[in-house]
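# Fold and contact review
What follows is the residue order along each chain.
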Amino acid sequence: MRYSSTSWVLCVLASLLATACSHEVHKAPEIAACNNAELTDYDGLLILAPHPDDEVLGFAGLAGAFIEQGKPVRTIVVTDGDAYCEACALWTTGSVNGATCDAPTLSNFATREIDSLAEARRAESTAAAAALGRPAPEFFGYPDTGLGAARANALAGKPATSLRRSDFSSCESCGGCGAGYGGGPETDLNADTLVASLDEAIQGTTKNTLIATTHWLDGHRDHAALGAFVNERAADRTVAFAVIHANTRNGYAYADCWYPGPPATDCPCFDEARADEDPEWFESLRAHRERPDWPQTLPDDVDYGEASQLCLDDATQSAKPLAINAFQTQLGTVGKSPGLLPESREGLLDCSGYLRSFGRRTEVFVARKPGNK
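Below you will find a few notes about this structure. (Residues numbered from 1 in each chain as written. Predicted model: local features only at pLDDT ≥ 70, side-chain atom pairs only at ≥ 80, totals over all residues. Heavy atoms only, no water.)

So, about the pairing of strand S2 (residues 73–79). The element S2 is extensively covered by neighbouring structure, given that five of its seven residues are classed as buried. As judged from the five bridges shared by strand S1 (residues 44–49) and S2, these two strands associate in the parallel manner. Following the sheet pairing, Leu45 is matched in S2 by Val73. Relative to strand S3 (residues 138–142), S2 runs parallel, the two being bridged by three bridges. Bridge pairing in S3 places Val77 opposite Phe139. (Buried < 20%, exposed > 50% of the residue type's maximum accessible area, 1.4 Å probe, protein only. Helix = DSSP H or I, 4+ residues; strand = E, 2+ residues; numbered from the N terminus. Pairing = 2+ DSSP bridges.)

Overall, mixed pairing links the seven strands, which are arranged S3-S2-S1-S4-S5-S7-S6 in an open sheet. In this open sheet, the two edge strands, each paired with only one partner strand, are S3 and strand S6 (307–311). Going from strand to strand, the sheet's axes swing by 25 degrees on average, the running direction of each strand aside. The pairing of S1 with strand S4 (residues 209–214) spans four bridges and is classified as parallel. What sits directly across from Gly44, in S4, is Thr209. (Axes fitted to C-alpha atoms, helices over the stretch in contact; angles between N-to-C directions.)

Burial runs high along S1: six of the six residues are buried. Side chains of S1 alternate between two faces, with Gly44, Leu46 and Leu48 and Leu45, Ile47 and Ala49 buried alike.

With respect to the secondary-structure elements, Leu39 resides in helix H2 (residues 36–39). Separated by 137 residues in sequence, Leu39 and Gly176 place their C-alpha atoms 43 Å apart. Setting aside its immediate chain neighbours within four residues, Leu39 contacts Leu62, Phe66, Leu210, Ser308, Gln309, Leu310 and Phe365. (Contact = heavy atoms within 4.5 Å.)

Tallied over the full model, the rule gives six aromatic pairs. A centroid spacing of 6.0 Å and a plane angle of 20 degrees characterise the contact between Phe59 and Phe365, whose relative ring orientation is stacked. Placement of the pair is Phe59 in the loop between helix H3 (54–57) and helix H4 (60–68) and Phe365 in strand S7 (residues 362–368), with a sequence separation of 306 residues. Here Phe59 falls in the buried class, since its relative accessible area comes to 0%. Residue classification places Phe365 among the buried positions, given a relative accessible area of 0%. Aromatic side chains Phe168 and Tyr181 sit 4.7 Å apart centroid to centroid with 65 degrees between the ring planes, which places their arrangement in the edge-to-face category. One end of the pair, Phe168, is in the loop between helix H8 (146–155) and helix H9 (191–203); the other, Tyr181, is in the loop between H8 and H9, and 13 residues separate them in sequence. By relative accessible area, which is 0% here, Phe168 ends up buried. (Phe/Tyr/Trp six-rings, centres within 6.5 Å; stacked < 30°, edge-to-face > 60°.)

On to the packing of H9 against helix H10 (residues 221–233), then. Viewed as axis vectors pointing N to C, H9 and H10 meet at an angle of 55 degrees, and their least axial separation amounts to 10 Å. The orientation of H9 relative to H10 falls into the category oblique. Judged by the sense of rotation from one axis to the other, the crossing of H9 with H10 is right-handed. In contact with Leu194, Val195, Leu198, Asp199 and Ile202 of H9, H10 contributes Leu226, Phe229 and Arg233. Taken together, the residues that form the contact of H9 with H10 break down as six nonpolar, no polar and two charged. (Parallel < 35°, antiparallel > 145°, perpendicular 65-115°, else oblique. Left-handed = near helix turned anticlockwise from the far one by under 90°. Nonpolar A, V, L, I, M, F, W, Y, C, P; charged D, E, K, R; others polar.)

Right, let's get into the state of the cysteines. Under the counting rule described, the total for this entry stands at six disulfides. Two residues, Cys88 and Cys101, share a disulfide whose sulfurs are 2.1 Å apart. One disulfide, between Cys88 and Cys101, carries an S-S torsion of -105 degrees and so falls in the left-handed class. In this pair, Cys88 sits in helix H5 (residues 85–93) while Cys101 sits in the loop between H5 and helix H6 (103–106), placing the two residues 13 residues apart along the sequence. For Cys101, a relative accessible area of 3% corresponds to the buried category. (Disulfide = S-S within 2.5 Å.)

Across the nine residues of H4, seven count as buried, placing the element largely inside the fold. Buried residues of H4: Ala60, Gly61, Leu62, Ala63, Gly64, Ala65 and Phe66, and no others. Count one or two residues on from H4 and you reach Gly70, which has phi positive near 75 degrees.

Counting through the fold element by element, Glu363 comes out in strand S7. There is a polar contact of 3.2 Å between the side chain of Glu363 and the backbone nitrogen of Ala60. (Polar contact = N/O pair within 3.5 Å; in protein donor to acceptor, adjacent residues only side chain to side chain.)

With that settled, consider the nonpolar core. As a rule of thumb, soluble globular proteins bury nonpolar side chains together. Counting residues in hydrophobic clusters, the biggest one holds 23 residues, and the most contacted among them are Leu48 and Leu194. Contributing elements (two or more residues each) for this core: S1, S2, H8, H9, H10 and strand S5 (239–242). With six residues, the single largest contributor to this core is H9. In terms of nonpolar packing, the next biggest core, distinct from the first, is built from 16 residues, Leu39, Leu45, Leu62 and Phe365 among them. (Core = buried A, V, L, I, M, F, W, Y, C linked by side-chain atoms within 4.5 Å.)

This part takes up the packing of H8 against H10. At a minimum axis separation of 7 Å, H8 and H10 run at an interaxial angle of 55 degrees. As the angle between them shows, H8 and H10 are arranged oblique. Pair H8 / H10 crosses with left-handed handedness. From H8, Gly146, Leu147, Gly148, Ala149, Ala150, Arg151, Ala152 and Ala154 reach across to H10, where they touch Arg221, Asp222, Ala225, Leu226, Ala228, Phe229 and Glu232. Of the residues in the contact of H8 with H10, the class split is nine nonpolar, two polar and four charged.

This is how it looks when you write it as structure tokens:
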């Protein structure tokens, strides 16, 4: 089709206007002030993260602020994050629709090789720490989905019930594999051992150490459970709670489709055929949500509490996106063997830009003082 010069100009103006309107709708949120002084007025920092990557998404800047002041920071990742069916399928087959993973492919520390998702995820946390110039975190080794199960068992008066790892091998696809989560081999871990480990970590700090973990209203069951356990076990400490997943879907397919804002333009987006046909598609989706100059804010779907903003220094703000990029199995940027993952599908798991949307100029917390709930 050929256009007249007038039509061409009008088309260009319409395109520019549409782009301008799009950006006008999604203005950067405003924050009152940086609360760095209040958030770092402690002897040290203990981070209790539910999965590998949460220690970076929620707390990389907070840890950096303490380190900058020469204060000790201890980071513990509580589970191995080994129960992500689509991530394991993509990692092992190059497709989220590939063969589902069995228990040893999800978690296997019996060999020296990194041949299971759990081992890969620990290695990614170690690489992310290196990108930030920090030592590797400690790992408690609980099964993914185990914190939510431990909380339910404790509330049911069955804290000694063994936690199980996952196994998706009996499922034809990840979409219909709910029974695979926590349906694998039993472990010798339970709610009692979890509480004992949390108590030991908390009691190993001074009374004036800040504890940081995920919010008890977080939309991920493991995150909410860890927040609830820590809220109880550290009742005499100040705890900084971070929201990684909004509590509700808020009208979207998933909570991660809209928080952190702006909402994704296309979510869910595990469309391998479109990715194979349009190599620019993923980049446009991700760019819409990255917004590195925006502050991070709390979701507005429920009352999480009063927000406290931690403003990142320039070095940490530059390094945090690099650390996020280290979580390759979660982004979908790596295959278990070279050449397994088609180049067109690299980044499939974070096609909505969710993980990368945490690379912003602030982190936000709800600080609960001793004795408050």
